[in-house]
Amino acid sequence: MEFTKGHGTGNDFVILPDPDGALDLTPRLVAALCDRRRGIGGDGVLRVVRAAKHPEGVALAGEAEWFMDYWNSDGSYAEMCGNGARVFVRYLLESGLAVPSGAGLPVATRAGLVRARVEGEEIAVEMPRPRLGDPAATALGGLTLTGTAVDVGNPHLVCALPAGLELAALDLSRAPEVDPAVFPAGVNVEFTAPGEPVAGTDGHLLMRVYERGSAETLSCGTGACAVAAVALRDAGRAGGTIGVDVRGGRLTVTVTADSCWLAGPAVLVATGEVTLPTLLP
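Residues numbered from 1 in each chain as written. Predicted model: local features only at pLDDT ≥ 70, side-chain atom pairs only at ≥ 80, totals over all residues. Heavy atoms only, no water.

### Remarks on the nonpolar core
Part 1: Ranked by internal contacts, the top residues of the largest apolar core, which has 49 residues, are Leu46, Met68, Phe88, Leu92 and Val253.
Part 2: Sort the elements by how many residues they give to this core and helix α3 (residues 221–234) lands first, with eight residues.
Part 3: Dropping the residues within four chain positions of it, phenylalanine 88 is found in contact with Leu46, Arg47, Val48, Trp66, Phe67, Met68 and Val107.
Part 4: In terms of nonpolar packing, the next biggest core, distinct from the first, is built from 15 residues, Leu145, Leu161, Phe183 and Val187 among them. (Core = buried A, V, L, I, M, F, W, Y, C linked by side-chain atoms within 4.5 Å. Buried < 20%, exposed > 50% of the residue type's maximum accessible area, 1.4 Å probe, protein only. Helix = DSSP H or I, 4+ residues; strand = E, 2+ residues; numbered from the N terminus. Contact = heavy atoms within 4.5 Å.)

Spelled out as structure tokens, the structure:
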């Protein structure tokens, strides 16, 4: 089985080309591929399959040729992955499976259709516009924080740290506790602190994230979109551009009245073959 390894600001993925949907991708195989000691290692798996060949993509086959079949590292699948979408598009372009489009390259996902464009060395993806929900709480190591629930095609809880608490001091070795009645499908939890002003933006935040199904990751694209939407609301702005520094680098989120664009680097670092009998003895 062939694979490519790629990442967007350190959010890394095992990419599996499967144009005709012939691969029997199972939770066990996904978890084995993402194992950082016994497999290839990654925060998730991106299967590259034609929308017409995947039951969850066929409804969008008339609008997009390719479906991003994204799985978390624990073998569960997710509705959306912002950095994954940018890496997915990088793979399509570098593999010759798609060409850049001025109108935006369409990609089918479980959260619907997204469009991507190349911006110099970066790739930007038009994400589902974040929808702000009600306040909700999380507990982490004896600390209780109240944040805002946000839907970016997948669930998020954005929590700003109080003054005097350092972002680096948080222990994210275990999942933050949330009310399962509020988040029955689980939730990605983002913790934020203010950053120094950045030219060309309307705000700058530092972020750490614990992703459901993957634990703490170096970056989360949909999380950055959620964080930007909350920051703009708190600033009394209907839209704007927010720089979000994650542990793996910087993402830029631009929110308008009807769109949300996530931009940042997306690179491919290796290709190879998986020996399945050894990976899954």
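### Describing the pattern of salt bridges
Part 1: Overall, the coordinates contain 17 salt bridges when judged by the stated rule.
Part 2: Residue arginine 47 is joined to aspartate 69 by a salt bridge in which the shortest nitrogen-to-oxygen separation is 2.9 Å. Remark: aspartate 69 occurs in strand β4 (residues 66–72) and arginine 47 occurs in strand β3 (residues 44–50); sequence separation between them is 22 residues. Each member of the pair, arginine 47 as well as aspartate 69, carries the same accessibility label: buried.
Part 3: With a closest N to O distance of 2.3 Å, arginine 212 and glutamate 79 form a salt bridge. (Salt bridge = Lys/Arg side-chain N within 4 Å of Asp/Glu carboxyl O.)

### Considering unusual backbone geometry
Part 1: The phi torsion at threonine 9 lies on the positive side, around 50°, for a residue other than glycine.
Part 2: On the basis of relative accessibility, which here comes to 2%, the residue threonine 9 falls in the buried class.
Part 3: The backbone of alanine 215 shows a phi angle near 75°, a positive value even though the residue is not glycine.
Part 4: Its place among the elements puts alanine 215 in strand β13 (residues 215–217).

### Section: helix α1 (residues 27–34)
Part 1: Turning to α1, its buried residues are Leu29, Val30, Ala32, Leu33 and Cys34.
Part 2: Summarising the contacts, the buried residues of α1 are in contact with β2 (11–17), β3, β4 and α4 (276–279).

So, to be careful, I would describe these as geometric facts and stop short of saying anything about function.
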